[in-house]
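Now for the letters of each chain:
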Amino acid sequence: MSAAIPLMLRPLLSMARVVLEGASLRIPNPTGPPRAHAPGRDSSRILIVGSGIALGAGVGSHDLALPGTLARALSARTGRGVDVELVAHRRLSMSRVADAVRAGHPERYDCIVVVSGGDESFELVPLDRWRRGLVELLAHIEGMVRPNVPVIITGVPSSDRLSALPPVLARSVDRHSAELDRISRDVCATSRNARYVALKSAGKRPTVPTSEREAFVRWASLIADELTVDQSVLPAVDAAWEIDERERQSSVDHLALAEAADDRQLQRIVTMARRAFMAEAALFTVLDRDYQHNVVRSGSHLTGHSRDESFCHYTILERGGMIVEDARTDERFRDNPLVTGDPHIRFYAGFPVDSP
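Residues numbered from 1 in each chain as written. Predicted model: local features only at pLDDT ≥ 70, side-chain atom pairs only at ≥ 80, totals over all residues. Heavy atoms only, no water.

Asker: I tried to follow the pattern of salt bridges on my own but got confused; where do I start?
Answerer: As a working rule, side chains carrying opposite charge can pair if their charged atoms are close by. Summed over the entire model, instances satisfying the criterion amount to 15 salt bridges. Across the pair arginine 72 and aspartate 63 runs a salt bridge, and its minimum N-O distance is 3.0 Å. Of the residues examined, aspartate 63 reaches a relative accessible area of 36% and is grouped as partly exposed. For arginine 307, the salt bridge goes to glutamate 245, with nearest N and O atoms at 3.2 Å. With arginine 307 in the loop between strand 9 (304–306) and helix 11 (312–318) and glutamate 245 in helix 8 (residues 245–253), this residue pair connects regions lying 62 residues apart in the sequence. Classification of arginine 307 by relative accessible area gives buried; the value is 12%. (Salt bridge = Lys/Arg side-chain N within 4 Å of Asp/Glu carboxyl O. Buried < 20%, exposed > 50% of the residue type's maximum accessible area, 1.4 Å probe, protein only. Helix = DSSP H or I, 4+ residues; strand = E, 2+ residues; numbered from the N terminus.)

Okay, here's the thing in structure tokens:
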């Protein structure tokens, strides 16, 4: 494309985008917290950052949009639970994505999904700027996440918005999207952790939301396929799990345990857990070197005990939730003083919590 042509077309595309964005506000858009969950043990945590399809236009909830469809697609493939958080803005260019990722606390997640390129394709952003911005973005993200955390860079999906444009503008946007995708694929191929996922067309936007849901299901399926192509990315539920005890203890050392004892939200959670399981007691505990602190309690007088007697010690080794139906028949606990004596534990259900 001649350098002069984008200069002539950009003002027209800018006006067209404003009109199209106004139209998108008149169709369903997600409300509620920008997150989704698929139930299961040993949950994977995914952060989606971006604009375009990340906004979820066409459906009324994030559960029906990309967060929910991706959570369910990953859970079906791995057998694990999935928690997805979303940081999305209508105008989120490549130059601003790094700040949005940082705002989402990326160190907490097992994968980062970046959805971008929609605005840039309409802006006919210079290709060298796109390449440079993507390289810098991946370098920034690698500095923010844990080692070997995969970063998904999605392609620009075929947009039904093109059908509303004059043919000459639609062709220009379509060609530019293809060039952006080519660069994204090339840059990801040279990155250690980045993976490119092409988002094929899911059809034009219909007048009923059901087909829009099908589009999100399709896009989520393509991303999930890439994330589960091998066990080194998002492993299945039975994959091995190891804890860095030094790092774990460092996190405990930074906790204000005395203050947590008066935390009303934790007390509410513990009380709800006790009622839900119809148990005699429920606890929020912290394992500190050789001692278990029962920080928040409901129905129990025990403030703590030796880590040698701890059920929770085994829970964190499992990573996911652990259930013991009858401690008297479990070889790990049948001789435990908390089973043979007061409080005579029988049933136990525990789930580990993480520090930031």
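Next comes the rest of the description.
Asker: In this structure, what is going on with helix 8? I would like to understand it.
Answerer: Owing to its 3.6 residues per turn, the α-helix brings residues three or four apart onto one side. For helix 8, the set of buried residues is Arg248, Gln249 and Val252. The buried residues of helix 8 occupy one face: seen down the axis, they fall within an arc of 95 degrees. In helix 8, the exposed positions that point more than 90 degrees away from the buried face belong to Arg246 and Glu247. Contact partners of the buried residues in helix 8: strand 7 (282–288) and helix 11. (Arc of directions from axis to C-beta. Contact = heavy atoms within 4.5 Å.)

Asker: Just to check I follow, could you spell out the side chain of glutamine 292 for this structure?
Answerer: Tracing the backbone through its elements, the reader meets glutamine 292 in strand 8 (residues 291–298). Within the structure, glutamine 292 has its side chain in polar contact with the side chain of asparagine 294 (distance 2.9 Å). A distance of 2.5 Å separates polar atoms of two side chains, one belonging to glutamine 292 and the other to serine 310. With residues near it in sequence (within four places) discarded, glutamine 292 still touches Thr285, Val286, Leu287, Thr303, Gly304, His305, Ser306, Arg307, Ser310, Phe311 and Cys312. (Polar contact = N/O pair within 3.5 Å; in protein donor to acceptor, adjacent residues only side chain to side chain.)

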